[in-house]
Amino acid sequence: MAYNLKEVVANKPARFTSGHRMCAGCGAPVVGRMVLRALKNEDHAVICNATGCMEVSTFIYPYTSWTDSFIHTAFENAGATLSGVEAAYKAMKRQNKLSGTTTKFIAFGGDRRNI
Ligand code: SF4
């Protein structure tokens, strides 16, 4: 399905907000913001971020640029961490312990070199 990028940028709120401490000109925040703009407004997301610039510069306790749920994990296991979270989500869904919201699971593997 084709979509109009100008419309998406103009009309969808940024779920990855400004105020982070990534370097000026870094491509990673742009990529992260656009990935999240691909979600439907009503979707919830669980973001898992392996250690890297994207993690250390966007989630400095108690501040965060992420408006969705966020998990920091080690360099090598963002996929494993997030698949465990998704398995728990599916189990709770089967048991009717969660409402009807749709949750997306997104892993970022560190900084711009390996997003
Ligand atoms: S990847 Fe990290 S060090 Fe490189 S430009 Fe982005 S924020 Fe700066």
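Keep in mind that this is a model prediction, so the values were computed, not measured. (Residues numbered from 1 in each chain as written. Predicted model: local features only at pLDDT ≥ 70, side-chain atom pairs only at ≥ 80, totals over all residues.)

I would appreciate a short explanation of the nonpolar core in the present structure.
In globular proteins that are soluble, nonpolar side chains generally tend to be buried together. Core analysis: the largest hydrophobic core is formed by nine residues, namely A28, I47, C48, A50, M54, A78, L82, A107 and F108. Going through the elements one at a time, β1 (44-50), α4 (78-94) and β3 (103-108) are the ones with two or more residues in this core. Looking at this core, the element that brings in the most residues is β1, giving three residues. Sequence-distant contacts of A78, that is, excluding residues within four places in its chain, are made with C48, N49, A50, T73, A107 and G109. (Core = buried A, V, L, I, M, F, W, Y, C linked by C-beta atoms within 7 Å. Buried ≥ 20, exposed ≤ 12 C-beta atoms within 10 Å, placed from the backbone. Helix = DSSP H or I, 4+ residues; strand = E, 2+ residues; numbered from the N terminus. Contact = placed C-beta atoms within 7 Å.)

What exactly am I supposed to notice about the environment of K12 here?
Here K12 shows up in the loop between α1 (5-11) and α2 (28-37). A sequence separation of 24 residues divides K12 from L36, and the C-alpha atoms of the two residues are 9.7 Å apart. Ignoring sequence-local partners within four residues, the contact set of K12 consists of R37 and N41.

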